[in-house]
Amino acid sequence: MDGLTHPIEYRYYTPEMKAIFTEEAKLQRWLTVEAALARAHARLGNIPWEAAEEISRKASTEYVKLERVKEIEKVTRHDVMAMVEALSEVCEGDAGKYVHLGATSYDIVDTALALQLRDALNVIEDRLKELLGVLLDLAERHKETVCVGRTHGQHALPYTYGMKFAIWAWEVRRHLERLREVRRRAVVGKMSGAVGTMAGFGEAGPEIQRLVMEELGLEAEPVSNQVVQRDRHAEVVFLLALIAATLEKIGKEVRNLQRTEIGEVYEPFFRGQVGSSAMPHKRNPWRCERLCGLARVVRSNVMPALEDIALEHERDLTNSSVERVIIPETFILVDFMLSEAIKILRGLEFNYENIRKNLELTGGLIMAERILNELVKKGLARQETHERLREIAVRCWKEKRSFREELLKDPVISSVASPEEVDEWLRPEGYIGSAVRLVEESVKELREFLHSS
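Residues numbered from 1 in each chain as written. Predicted model: local features only at pLDDT ≥ 70, side-chain atom pairs only at ≥ 80, totals over all residues. Heavy atoms only, no water.

Engineer: Quick question: what am I supposed to make of the overall build of the chain here?
Structural biologist: Helix and strand counts for the chain stand at 20 helices and 6 strands. Considering only C-alpha atoms, the chain reaches an extent of 105 × 50 × 40 Å along its principal axes. Per-residue burial for the chain yields a buried fraction of 51% across its 453 residues. For the chain, contacts bridging at least 24 residues in sequence account for 75% of all contacts bridging at least 6. Separation of charge centres in the chain, based on 65 positive and 74 negative side chains, amounts to 5 Å. (Helix = DSSP H or I, 4+ residues; strand = E, 2+ residues; numbered from the N terminus. Buried < 20%, exposed > 50% of the residue type's maximum accessible area, 1.4 Å probe, protein only. Contact = heavy atoms within 4.5 Å. Lys, Arg positive; Asp, Glu negative; His and termini not counted. Charge placed at Lys NZ, Arg CZ, Asp CG, Glu CD.)

Right, dumping it as structure tokens:
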């Protein structure tokens, strides 16, 4: 752990995503692109096959050591040129003189970045699928777990936990759809030279670019300058910020439901875990709070990604330093957040006693809408009845009276409704509408989506 300074190096990461963004992994992708370029030249007869084969053999961090590249960079002050020199010097015969032929640095950097983005988006896609599966399990399990729904922080109407999870599940599906669209637009490379004219490759430029991208499994930028245009990369960062916002939404909801005065749902709390260094009784929702905090960092990376789009003329270097920070950081943080959200949701604890207590906390006032509708069916005028119920509700709230008793004492209401009917109307489970059906249909459709994707 010595020498590590950024929490994504030692705290907020998963091994799968971190491995994609190490210096050595980036170097290997650069070398992979150089090898593909050499083979494209050989296919067109521009360089000997033997040279392309030697370059391909040595285009590996097994031969081109990161330490050697850094050593050369101290002299060249140019990381790509340092890589080119390091690869050239390990190639036998005269193969080294054909390395990087006709290319500019960002032919290598941007094409390698496309490989990185593809791998990283694949990890994010797998995490989203796993999260969707967990949410569907929860939705199915709790489709009939009736709770109080809250709007503006106030008790509103009966609701179900299954609906809460189904709503989140649909949002995750939309992220998967967005990801597939973004991947199509972002996983794009180029082999077009210093200003995009392909002049360094002569007449063979378009064919070299086609061959390189075909071998690497990438789309080619149709027309470029010195770089792949940064709207593509900004869209990736924005996608990740959207995912982080959903995770923040989930984290915030669980945090609020865990409040002492609510106490319906709790994030996992393990044997021996400490909530507070000062207060032994505390059970803080720190994992959900961490989701909400890291979402702020991810969101902050959207602005510099957007600012990277407006480079000067055929390019300047202002995007480079920014991307070295925000692309690894954003991917690593969002992947970690997804992994954490999956663990939190898998281990959610429900306090059914508190769910019921909160459902009945207003003494039936949350059923006022149902009572209004039922009384209208009995022939009472809607607006007059609404005002009558409002006055009764205010009286019950201020004077701590029984809503049921006040309803039955009202001469107009009692003239059309029996005590048995009022009791039925006050039953929360009888007023959840199509909640169960909506959840069941959602689970069915989203499971089909998961299985087909």
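Engineer: Teacher, can you tell me more about the nonpolar core here?
Structural biologist: Nonpolar side chains in soluble globular proteins tend to be buried together. Counting residues in hydrophobic clusters, the biggest one holds 120 residues, and the most contacted among them are Ile124 and Phe331. If near-sequence neighbours (up to four positions away) are discounted, Ile124 is found in contact with Met17, Leu179, Leu240, Ile243, Phe331, Val334, Asp335 and Leu338. (Core = buried A, V, L, I, M, F, W, Y, C linked by side-chain atoms within 4.5 Å.)

Engineer: Please explain unusual backbone geometry as it appears in this structure.
Structural biologist: Backbone phi values are negative for most residues with the exception of glycine, while trans is the configuration of most peptide bonds. Here the phi dihedral of His152 falls at roughly 55 degrees; this positive angle occurs in a residue that is not glycine. Looking at where His152 falls in the secondary structure, it is placed in the loop between strand S1 (146–151) and strand S2 (154–160). You can call His152 exposed: its relative accessible area is 81%. Even without being glycine, His313 reaches a positive phi, approximately 50 degrees. Summarising the element assignment, His313 is placed in the loop between helix H12 (302–307) and helix H13 (318–346). A relative accessible area of 71% means that His313 is categorised as exposed.

Engineer: What is the right way to read helix H14 (residues 352–359) from this model?
Structural biologist: Two residues of an α-helix separated by three or four positions point the same way, owing to the 3.6 residues in each turn. Taken as a whole, H14 has its buried residues at Asn354, Ile355, Asn358 and Leu359. Projected down its long axis, H14 shows its buried positions confined to an angular sector of 140 degrees, all on one face. Check the buried side of H14 and you find it contacts S1, S2, helix H8 (161–186), strand S5 (265–266) and strand S6 (349–350). A distance of 3.2 Å separates the backbone nitrogen of Glu353 from a side-chain oxygen at the start of H14, and that oxygen is part of Asn351. (Arc of directions from axis to C-beta. Polar contact = N/O pair within 3.5 Å; in protein donor to acceptor, adjacent residues only side chain to side chain.)

Engineer: I keep staring at the packing of aromatic side chains and nothing clicks. Help me out?
Structural biologist: Given two aromatic rings, their pairing is described by the distance between the two centres and the angle made by the two planes. With the rule as written, the count across this model stands at 7 aromatic pairs. When the centroid spacing of 5.7 Å and the interplanar angle of 75 degrees are considered together, the rings of Phe165 and Trp168 count as edge-to-face. Placement of both Phe165 and Trp168 in helix H8 is noted, with a separation of 3 residues, approximately one turn of the helix. The class for Trp168 is buried, based on a relative accessible area of 5%. Relative to Tyr352, the ring of Phe350 lies with its centre 6.0 Å away and its plane at 15 degrees, an arrangement referred to as stacked. Among the aromatic side chains, those forming a connected cluster through ring pairs are Tyr161, Phe165, Trp168, Phe350 and Tyr352. Between the NZ or CZ atom of Lys18 and the centre of the ring of Tyr13, over which it lies, the distance is 4.2 Å. The ring of Tyr63 carries Lys58 above its face, with NZ or CZ at 5.4 Å from the centroid. (Phe/Tyr/Trp six-rings, centres within 6.5 Å; stacked < 30°, edge-to-face > 60°. Lys NZ or Arg CZ within 6 Å of the ring centre and 35° of its normal.)

Engineer: Would you mind going over the state of the cysteines with me for this structure?
Structural biologist: Note on terminology: a disulfide is the covalent bond linking the sulfur atoms of two cysteines. If you walk through the whole model with that rule in mind, you get 0 disulfides. Free cysteine Cys288: the closest other cysteine sulfur is in Cys292, separated by 7.0 Å. Residue classification places Cys292 among the buried residues on the basis of a relative accessible area of 2%. (Disulfide = S-S within 2.5 Å.)

Engineer: Explain the packing of helix H7 (residues 105–141) against H8 to me, please; I cannot follow it from the model alone.
Structural biologist: Each packed pair of helices is defined by two parameters, the angle between the axes and the distance between the axes. For the pair H7 and H8, the least separation of the axes is 9 Å and the interaxial angle reads 165 degrees. It follows from the interaxial angle that H7 and H8 lie roughly antiparallel. Regarding H7 and H8, the two cross each other, and that crossing is left-handed. (Axes fitted to C-alpha atoms, helices over the stretch in contact; angles between N-to-C directions. Parallel < 35°, antiparallel > 145°, perpendicular 65-115°, else oblique. Left-handed = near helix turned anticlockwise from the far one by under 90°.)

Engineer: I'm lost on the pattern of salt bridges in this one. Help?
Structural biologist: Oppositely charged side chains can pair when the atoms bearing their charge come close. Under the definition given, this model contains 53 salt bridges. Residue Lys97 is joined to Asp94 by a salt bridge in which the shortest nitrogen-to-oxygen separation is 3.7 Å. Judged by its relative accessible area of 56%, Lys97 is exposed. Residue class for Asp94 comes out partly exposed when judged on its relative accessible area of 43%. (Salt bridge = Lys/Arg side-chain N within 4 Å of Asp/Glu carboxyl O.)

Engineer: Can you help me understand a nonpolar patch on the surface in this one?
Structural biologist: Taken together, the side chains of Met303, Leu306 and Ile309 present a nonpolar region at the surface, about 270 Å² in accessible area. Summarising the element assignment, Ile309 is placed in the loop between H12 and H13. Classification of Ile309 by relative accessible area gives partly exposed; the value is 37%. (Patch = residues over 30% accessible without salt bridge, like charges linked within 9 Å, V, L, I, M, F, W, Y side chains within 5 Å. Areas by Shrake-Rupley, 256 points an atom, 1.4 Å probe, with all protein chains shown as cover.)

Engineer: Hey, could you run me through the pairing of S2 in this one?
Structural biologist: Each regular strand shows side chains that alternate between the opposite faces of the sheet. Across 5 bridges, S1 lies against S2 in antiparallel orientation. Bridge pairing links Val146 to Thr160 in S2. (Pairing = 2+ DSSP bridges.)

Engineer: Even after reading the chapter, I still don't get the packing of helix H3 (residues 23–43) against helix H9 (residues 205–216), so can you show me in this structure?
Structural biologist: The interhelical angle for the contact between H3 and H9, taken along N-to-C directions, is 130 degrees, at an axis separation of 9 Å. Judged on the interaxial angle alone, H9 and H3 are oblique. Pair H3 / H9 crosses with right-handed handedness. Counted together, Thr32, Val33, Ala36, Leu37, Arg39, Ala40, His41 and Arg43 of H3 and Ile208, Leu211, Val212, Glu215 and Leu216 of H9 form the full contact between these two elements. Residues of the contact of H3 with H9, tallied by class, amount to 8 nonpolar, 2 polar and 3 charged. (Nonpolar A, V, L, I, M, F, W, Y, C, P; charged D, E, K, R; others polar.)

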